[in-house]
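An overview of the molecular structure
Residue strings, one per chain:
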Amino acid sequence: MAKKTIADVDVAGKTVLMRVDFNVPIKDGQISDDRRIEMALPSIKSVIDRGGRLLLISHLGRPAGTGPEPEFSLSPAARRLGEKLGKPVSFATDTVGEDAKLKASSLKDGDVAVLENLRFDKAENKGDETFASGLAELADIYVNDAFGTCHRKDASMVAVPRIMKQQGKSCVSGFLVDREIQYLKDAIENPQRPFIAILGGAKVSDKIGVIDNLLKLCDRIIIGGAMAYTFFVAQGRRVGKSLVEQDRVEDAKKMLEAGGEKLMLPVDSHVGDAFSGDCNKQVVDGEIPDGYQGLDIGPKSVKLFADAIKGAKMVVWNGPMGVFEMPPFDEGTKAVAEAIAESGATSIIGGGDSAAAIQQLGFADRVSHVSTGGGASLSMLEGQKFEAVELLDDK
Ligand code: AMP
């Protein structure tokens, strides 16, 4: 069932606690990429433009959880938000302490405050009820607009809305979460065919569950990146010193059996004798010689994959085809990104590296949806239900 969004509730004069994903990269107090703040603006503006009093909560990075750590403070994010909104945004130096209560009670209609990093307290990751109660009592309405964290059971994601619901308060989704869920749900429930999944990146272990489920949903699964080499080993092929997860070879064998023709692996590899852009390189078919490691898919694989993508009506992509941070081993990832952009298929790009690649290449406007959450979008494709979303109010 569809969930209510922030547009469905009257926020005038009410205090709204909105869980956002302001987990932006910060170095020396400077934000290098503020897309996550930008993406939260529609929900933020919807509240303040209608006279709501907005309290924003988020995590940032992975602090120890034993108290404030300046490098993980959300105060630069609050400043940046103020610049974007063109109005002052106040900042509380805690989450459930005196300052948060003071900032929350000082809000006037249309005002915004950001609370400090939720993860400065271990209670957040633990889903702690007492911590959640402290947050819940600050507001009248709860909004989840943090898609990247929806697969987790952190206090701010699950316990807070559960408690607020018990108190008879509205708990709804933000526009970003709503859009993300719509796209991915549609892909899972009404796939346009042929439906092709492209998986890459370093680890098979992260993607085992998703491959399993995608084998049921998709017409074809393309596997690239270092992941492919674990499958090569499962096929008895030599991989030199490529990255391989030995403890996943058996799983890869089972998937090869279950997948049959559906699974497409690279037919050639761009290999190097060291993990470096200026190592000795060559393109090899099939097997990888000793002393070399596979760092990207080769040109024949690019052609094979691009041809398959060309015929697709729907594509989901998660994970680069090679070490795309290190040219020339970015070529496979670039070519796949281009093939997706040109295919005309409904395309959903998982967060993280594939989203970064599509953005860097300037193709973001030519795909249907770039997800803000790599882990969360994979979990959805794996068929998981998110408690953080399930418990929001139904339409
Ligand atoms: P993941 O987080 O699992 O999506 O993996 C992303 C990372 O996989 C990127 O940093 C890539 O550089 C890396 N990667 C992709 N292909 C290879 C490869 N053939 N060898 C080593 N690392 C790779």
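Calculation rules
- Numbering of residues begins from 1 in every chain and follows the order in which that chain's sequence is written.
- The predicted origin of the model limits local features to residues at a pLDDT of at least 70 and limits the giving and counting of side-chain atom pairs to 80 or more, whereas totals for whole chains, interfaces and linings rest on all residues.
- Hydrogens and waters are ignored; side-chain quantities use all the structure's heavy atoms.
- A 1.4 Å probe rolled over the protein chains alone gives each residue an accessible area, and that area as a share of the maximum for its type sets the label: buried under 20%, exposed over 50%, partly exposed in between.
- A run of H or I in DSSP counts as a helix once it spans at least four residues, and a run of E counts as a strand once it spans at least two, with each numbered from the N terminus.
- Should DSSP find at least two bridges between two strands, the strands are regarded as paired.
- Each domain's extent is set by a domain assignment, obtained either automatically or from a database.
- Here, two residues are considered to be in contact whenever any of their heavy atoms come within 4.5 Å of each other.
- Each of two parts loses accessible area, computed with a 1.4 Å probe, when they are put together; buried area is these two losses added.
- We count a salt bridge whenever a side-chain nitrogen from Lys or Arg sits within 4 Å of a carboxyl oxygen from Asp or Glu.
- Any pair of nitrogen or oxygen atoms within 3.5 Å is treated as a polar contact; in protein, a donor-acceptor pairing is required on top of that, and neighbouring residues in sequence qualify only through side-chain atoms on both sides.
- Gly counts as polar in this scheme, as do all residues outside two lists: the nonpolar Ala, Val, Leu, Ile, Met, Phe, Trp, Tyr, Cys and Pro, and the charged Asp, Glu, Lys and Arg.
- Near, as used in this document, describes a residue that has one of its heavy atoms within 4 Å of the molecule or strand being considered.
- Per-residue and other accessible areas follow the Shrake-Rupley method at a 1.4 Å probe size, with only the shown protein chains counted as cover for residues.
- Only protein atoms enter the 1 Å grid used here. Points where a 1.4 Å probe fits but cannot escape make up a cavity, open sets with protein on both sides within 12 Å along at least five of seven lines make up a pocket, and a residue lines them when an atom lies within 4 Å of a point.
- To be counted as sitting in a cavity or pocket, a molecule needs more than half of its atoms within 2 Å of that site's grid points.

Let us look at the pairing of strand β14 (residues 293-297). Burial analysis of β14 places five of its five residues in the buried class, the great majority of the element. Across four bridges, strand β12 (residues 268-272) lies against β14 in antiparallel orientation. Directly across from Val271, in β14, lies its bridge partner Gly294.

Another point: the domain arrangement of the chain. Assigned domains within the chain: domain 1 (6-177) and domain 2 (191-381). Here the C-alpha centroids of domain 1 and domain 2 sit 35 Å apart. Tallying the contact residues gives seven residues for domain 1 and nine residues for domain 2. For the pair domain 1 and domain 2, the summed buried surface comes to about 650 Å²; carbon and sulfur atoms form 64% of the total. When the area that domain 1 buries against domain 2 is broken down by residue, the three leading residues are Arg35, Phe147 and His151, summing to 68%. Taken together, the connections running from domain 1 to domain 2 amount to zero salt bridges. Our enumeration of links across domain 1 and domain 2 arrives at one residue pair in polar contact (both at pLDDT 80 or more). A per-element tally of the side of domain 1 that touches domain 2 places helix α1 (residues 35-49) first, with three residues. A per-class count over the side of domain 1 that touches domain 2 returns three nonpolar, two polar and two charged.

Around the ligand sit 15 residues, and of these Ala202, Ala226, Gly294, Glu325 and Asp353 come closest. Here a nitrogen atom of the ligand sits 2.9 Å away from a polar atom, N or O, in the main chain of Gly294. Between Glu325 and the ligand, the recorded distance is 2.5 Å, taken from a side-chain N or O atom to an oxygen atom. Out of a free accessible area of 510 Å², the ligand has 81% covered by protein chains. Among the detected pockets, the ligand sits in the largest pocket. Classifying every residue of the shell around the ligand gives seven nonpolar, four polar and four charged.

Moving on to helix α6 (residues 155-166). The element α6 is extensively covered by neighbouring structure, given that nine of its twelve residues are classed as buried. Where α6 ends, the next residue or the one after it, Gly168, has phi of about 80 degrees, a positive value.

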